[in-house]
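# Fold and geometry: a report
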Amino acid sequence: MRLVFAGTPEVAVPALDALIASDRHEVVAVVTRPDAVSGRGRKLVASPVAQRAEEAGIEVLKPAKPSDPDFLARLAELAPDCCPVVAYGALIRPGALELPKHGWVNLHFSLLPAWRGAAPVQHAVLAGDEVTGASTFLIEQGLDSGPVYGVLTEEIRPSDTSGELLGRLAVSGARLLVATMDGLEDGTLHGVPQPADGVTLAPKISVEDARIEWTHPALRVDRVVRGCAPNPGAWTTFRGERLKLSGPVKLLTDSAELAPGELAVVGKNSVRVGTGSHDVELGEVQPQGKKPMRGADWARGVRIEPGERLGL
């Protein structure tokens, strides 16, 4: 099939690579979000998908909106059979949806109808799910509600961050997307309507959502740290400044000696924090304006006083 791939961030690149490598399909163009300001120099930078497409010599389209008349005209000229989508980041309207013969097919990183929305992997970790996966489905006007073509499952490991889990799903999901394109070309694959039951929503995680509440149980603290890593990054405050928890905490089920948020240095290599249940040991932290470091190294540098707390 002739394909126009739509995607923007790094997580979409494995799928683009897999489609380019396929000997059954041709990626004739890529649609991605416009260049964005990035880095300390505040320069305009092309998206990871745009950069990969340019390396491969593939035409790149960067409409401000996928409803722009010029973009729709070019899409019609390209005459794609299908538009596979991975984390494109813009709403696709009926004028564009109707152009390809097989529509726009999205690779979504959850087992639909669970976790419809922008942050399915983060919400799966936050909720303590033991299993997640990826689904391919036909995009329609509802939020991730179209008929499903294929699914795969992935275990959520106890130490997984959202970034680690998403990295694995991006690779396995790329194979699922290629298989979906194969099935659509063969005519052997037909979408199955999603059940009405089991729908959960996964809106974007805000910076405020990522703030640690030390009165919560240790298990919840652990999930927030892992679920918000690497973005937007779990955080708390210490002496009036923000402290990012950039690495998972360690649950200490045999220790509940500290008040919520209270800090204690134990030996040379451990700094512990109290929660609403058991204490936890800090992993990697990142003080404001500094690079990430081990929790124990940070604690030695700031010279924690007895009874000092995080989150005040």
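Whatever comes next refers back to the structure up there.
Our subject in this report is the structure included herewith. (Residues numbered from 1 in each chain as written. Predicted model: local features only at pLDDT ≥ 70, side-chain atom pairs only at ≥ 80, totals over all residues. Heavy atoms only, no water.)

### Brief notes about the overall build of the chain
Going by this rule: Runs of H or I in DSSP of at least four residues are treated as helices and runs of E of at least two as strands, each being numbered from the N terminus. In this scheme, a residue with accessible area under 20% of its type's maximum is buried, one over 50% is exposed, and one in between is partly exposed, where area comes from a 1.4 Å probe on protein chains only. Here a residue-residue contact requires only that any non-hydrogen atoms of the pair lie within 4.5 Å. Surface exposure here means Shrake-Rupley accessible area, sampled with a 1.4 Å probe, where a residue is shielded only by the protein chains that are shown. A residue counts as positive if it is Lys or Arg and as negative if it is Asp or Glu; His and the chain ends are not included. By convention, charge coordinates are those of NZ in Lys, CZ in Arg, CG in Asp, or CD in Glu.
Helix and strand counts for the chain come out as 8 helices and 17 strands. Summarising its shape, the C-alpha atoms of the chain cover approximately 70 × 45 × 30 Å along the three principal directions. Looking at the chain residue by residue over its 312 residues, the buried ones come to 47%. When contacts within the chain are restricted to residue pairs at least 6 apart in sequence, long-range pairs at least 24 apart make up 64% of them. Accessible surface, the chain: about 15,000 Å² in total, of which carbon and sulfur atoms supply 52%. Where the 33 positive side-chain charges of the chain centre and where its 39 negative ones centre are 7 Å apart.

### Overview of the environment of Glu257
Considering the arrangement of structural elements, one finds Glu257 in the loop between β12 (250–252) and β13 (263–266). For Glu257 and Asp222, which are 35 residues apart along the polypeptide, the C-alpha to C-alpha distance reads 18 Å.

### Side note on the environment of Gly142
The topology assignment puts Gly142 in the loop between β8 (131–138) and β9 (148–155). Take Gly142: its relative accessible area is 35%, and that puts it in the partly exposed class. With 35 residues separating them in the primary sequence, Gly142 and Leu107 have C-alpha atoms 15 Å apart.

### Concerning unusual backbone geometry
The step from Leu112 to Pro113 runs through a cis peptide bond, and the omega angle for that step is 15°. Structurally, Pro113 is set in the loop between β7 (104–108) and α5 (120–126). At the junction of Asn231 and Pro232, the peptide bond is cis and its omega measures out at 0° in the coordinates. In this structure, Pro232 sits in the loop between α7 (218–227) and β10 (234–238).

### So, the sheet that holds β13
Keep this limit in mind: One requirement defines pairing of two strands: DSSP has to find at least two bridges between them. Angles here are taken between N-to-C directions and fall from 0 to 180 degrees, while the axes themselves are lines fitted to C-alpha atoms, restricted in helices to the stretch in contact.
In spatial order, the strands read β12-β15-β14-β13; together these 4 strands make up an open sheet with antiparallel pairing. Each having just a single partner strand, β12 and β13 make up the two edges of the open sheet. Within the sheet, the average angular offset between the axes of one strand and its neighbour, ignoring direction, is 30°. The pairing of β12 with strand β15 (residues 279–281) spans 3 bridges and is classified as antiparallel. When the bridges of β15 are listed, Leu251 appears paired with Val280.

### Overview of the packing of helix α1 (residues 13–21) against helix α2 (residues 48–55)
How we decide: Throughout this description, any angle smaller than 35 degrees is read as roughly parallel, any larger than 145 degrees as roughly antiparallel, any in the 65 to 115 degree range as roughly perpendicular, and the remainder as oblique. Note on convention: near helix rotated counterclockwise from far helix by under a right angle means a left-handed crossing. Clockwise means right-handed. Residues were grouped as follows: Ala, Val, Leu, Ile, Met, Phe, Trp, Tyr, Cys and Pro as nonpolar; Asp, Glu, Lys and Arg as charged; and all remaining residues, including Gly, as polar.
Following both chains from N to C, one finds α1 and α2 inclined at 25°, their axes separated by 10 Å at the closest point. With respect to α2, the axis of α1 lies roughly parallel. With respect to the hand of their crossing, α1 and α2 are arranged in right-handed fashion. Counting all contacts with α1, which are made through Val13, Leu16 and Asp17, the residues of α2 involved are Pro48, Val49, Arg52 and Ala53. Residues belonging to the contact of α1 with α2 are distributed by class as follows: 5 nonpolar, no polar and 2 charged.

### A short note on the packing of aromatic side chains
Under the convention used in this document: Note on ring pairs: Phe, Tyr and Trp rings are taken, using the six-membered ring of Trp, and paired if centres are within 6.5 Å. Classes follow the plane angle, with under 30 degrees stacked, over 60 edge-to-face and the rest tilted.
Considering all chains together, one arrives at 1 aromatic pair under this definition. For the ring pair Phe238 and Trp298, a centre distance of 5.1 Å and an interplane angle of 75° mean the geometry is edge-to-face. With Phe238 in strand β10 and Trp298 in helix α8 (residues 295–302), this pair connects stretches of sequence that are 60 residues apart. There is no split in this pair, since Phe238 and Trp298 are both buried.

### A closer look at the nonpolar core
Stated formally: We define the nonpolar core as a collection of buried residues of types Ala, Val, Leu, Ile, Met, Phe, Trp, Tyr and Cys that are connected through side-chain atoms lying within 4.5 Å of one another.
Core analysis: the biggest nonpolar cluster contains 37 residues, and Phe5, Leu19, Val30, Val86, Phe109, Leu177 and Met181 have the highest contact counts within it. The leading source of residues in this core is helix α6 (residues 162–186), at 9 residues. Ranked by size, the runner-up nonpolar core spans 27 residues in total, among them Leu126, Ile212, Trp214 and Ala299.

### Section: the environment of Leu251
For Leu251, the location among the structural elements is in strand β12. Taking the C-alpha atoms as reference points, Leu251 and Ala218, separated by 33 residues in sequence, lie 6.8 Å from one another. The residues contacting Leu251, other than those within four sequence positions of it, are Ala218, Leu219, Asp222, Asp279 and Val280.

### A short note on the state of the cysteines
Rule in force here: Two cysteine sulfurs form a disulfide in these notes if their separation is within 2.5 Å.
For the structure on display, the rule yields 0 disulfides. There is no disulfide at Cys82, and the cysteine sulfur nearest it, in Cys83, is 6.5 Å away. Among the residues examined, Cys83 registers a relative accessible area of 0% and is labelled buried.

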